[in-house]
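The chain contents come next:
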Amino acid sequence: MADGVTLKPLSLKRDGDGLTIHWADGVVSHLPFRLLRKQCPCATCNEERQKPPDPFRIITDKDILAASPQPKQMIPRGHYAYQIVWNDGHDTGIYTLEYLRKLGEPA
Ligand SMILES: [Zn+2]
């Protein structure tokens, strides 16, 4: 398990349909935006993920945008996290470095 010292991104850049992070310990993570958006760590999304899928849900413009999520902005929050502003207007997800690292690891 990576500790706080090695969990430092040397670079973090947009790469095609995802985010590529080069970590100080030599690990490279590629995180597709779709995955990042789906795994948004905010309370609202956590709650959404607990709900059973609704077969009668109407497809909205937001869903269409969500099919190809793009971050509009990544705002550093202290030294340990980034807030991502998505093209669908969602901006309450704060992604800690620890979380980003975990998302990049094979399940
Ligand atoms: Zn969210």
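Coordinates for the structure precede this section.
Residues numbered from 1 in each chain as written. Predicted model: local features only at pLDDT ≥ 70, side-chain atom pairs only at ≥ 80, totals over all residues. Heavy atoms only, no water.

(A) Local environment of the sheet that holds strand β2 (residues 18–23). Taking strand neighbours across the sheet as the criterion, the three strands line up as β1-β2-β3 in an open arrangement whose pairing is antiparallel. One side of each edge strand has no neighbouring strand; the edge strands of this open sheet are β1 (9–15) and β3 (28–32). Each neighbouring strand pair of the sheet contributes to a mean axis angle of 15°, computed without reference to strand direction. Taken together, the six bridges between β1 and β2 define a ladder with antiparallel strand orientation. When the sheet's bridge partners are listed, Pro9 is paired in β2 with Trp23. (Pairing = 2+ DSSP bridges. Helix = DSSP H or I, 4+ residues; strand = E, 2+ residues; numbered from the N terminus. Axes fitted to C-alpha atoms, helices over the stretch in contact; angles between N-to-C directions.)

(B) Expanded view of the nonpolar core. Of all hydrophobic cores here, the largest spans 18 residues; its most connected members are Leu36, Tyr95 and Leu100. Those elements giving two or more residues to this core turn out to be β2, α1 (33–38), β5 (81–86) and α4 (97–104). Here this core gets four residues from one element, more than from any other, and that element is α4. (Core = buried A, V, L, I, M, F, W, Y, C linked by side-chain atoms within 4.5 Å. Buried < 20%, exposed > 50% of the residue type's maximum accessible area, 1.4 Å probe, protein only.)

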